[in-house]
Number of protein chains: 2
Amino acid sequence: MSLPIPGTQVRGSKTGKPIMALFDLLGRTWCLGIIWQLSLDNATFRQLQARCEDISPTLLNTRLKELFQLDLVQKTPLGYGLTPHGKALALLIRPMAPWARQWADNIQRLKDNSPEDDSHA
Amino acid sequence: MSLPIPGTQVRGSKTGKPIMALFDLLGRTWCLGIIWQLSLDNATFRQLQARCEDISPTLLNTRLKELFQLDLVQKTPLGYGLTPHGKALALLIRPMAPWARQWADNIQRLKDNSPEDDSHA
DNA sequence: CCATACGCTACACTTTCTGTAGCAATCGGC
DNA sequence: GCCGATTGCTACAGAAAGTGTAGCGTATGG
């Protein structure tokens, strides 16, 4: 997969608008999860692999390379970590956690109120 | 692909932590782009297809169904639009645009300072 | 009615992701 | 120095997800 470099053609934008390049990047499997985990704590390759429950090493390495090339992840003596840019992005992602909890509650409530599941006997 | 329903197993979390369910969802091709476009303006199926430059109708329909089932997108007389939940999520996504612009500038600067490209003759 | 536009599906093809195995390199411990 | 354990990472085959084009059935307007 080619890197979604702002300014070049990316998914959603032939001219590579930065927001579209970002969406292309974040829209790749595991990308958000990796940034999230690294925002919690630096990690070595195998630690990260373990924290991301089921990620394959192949893909983890691919993503790390991409994030590295786009200056969001760096290697440190303590393993992989976010760059200043990466940390700034993580700050934007963080508020999604409380939102997600509310959302989850609401979906649960919707399901409870419309019990159109298998048990309609 | 199965819906990333919070509380069920999703990518990154066997117990389905809401934030992981969200990452699973947003990590799917075009998902962020669709939410972004709908946050700008409601749109019919074909309008949305056109605005998302190269999305295939197959996938657009798949994503819309997913977003609909997860209560982020609804059908209106004016075409597809975001639900209140969807709008709240869009508000969290919006600040990514200015961040992305800065990021793009910085990547450009990095490239300019290390001209390790083909023209090293 | 006939042309047009719509929402959407079918389906064959391509690209991406997974999962397991395992290699080369490093790190103690002895 | 040598040995087992761990690390970062790659290979590769199979599975899954996404693409792209054609086109169906319905609604709308002339």
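Residues numbered from 1 in each chain as written. Chains lettered and ligands numbered in written order. Predicted model: local features only at pLDDT ≥ 70, side-chain atom pairs only at ≥ 80, totals over all residues.

- Naming follows an unreviewed UniProt entry, where chain A appears as Helix-turn-helix transcriptional regulator of Shewanella salipaludis.

**As for the environment of W30(B)**
- Here W30(B) lies in the loop between helix 1 (18-26) and helix 2 (31-40).
- For W30(B) and D54(B), which are 24 residues apart along the polypeptide, the C-alpha to C-alpha distance reads 9.9 Å.
- If sequence neighbours within four positions are ignored, W30(B) has contacts with G27(A), C52(B), I55(B), L59(B) and R63(B). (Helix = DSSP H or I, 4+ residues; strand = E, 2+ residues; numbered from the N terminus. Contact = placed C-beta atoms within 7 Å.)

**Comments concerning the protein's contact with DNA strand D**
- Around DNA strand D, 16 residues are found, and the nearest of them are T44(A), F45(A), R46(A), M1(B) and S56(B).
- Counting only elements with at least two residues in the surface near DNA strand D, the list comes to helix 3 (45-51) and helix 4 (57-69) of chain A together with helix 4 (57-69) of chain B.
- Here the surface near DNA strand D is composed, by residue class, of 6 nonpolar, 7 polar and 3 charged. (Near = placed C-beta within 6 Å. Nonpolar A, V, L, I, M, F, W, Y, C, P; charged D, E, K, R; others polar.)

**As for the nonpolar core**
- Ranked by internal contacts, the top residues of the largest apolar core, which has 62 residues, are I35(A) and I35(B).
- Not counting residues up to four positions away in its chain, the partners in contact with I35(B) are L72(B), G86(B), L89(B), A90(B) and I93(B). (Core = buried A, V, L, I, M, F, W, Y, C linked by C-beta atoms within 7 Å. Buried ≥ 20, exposed ≤ 12 C-beta atoms within 10 Å, placed from the backbone.)

**Overview of the pairing of strand 1 (residues 73-76) of chain A**
- In the sheet, strand 1 of chain A pairs with strand 2 (residues 79-82) of chain A via 4 bridges, with the strands oriented antiparallel. Paired with V73(A) across the strands is L82(A), a residue of strand 2 of chain A. (Pairing = 2+ DSSP bridges.)

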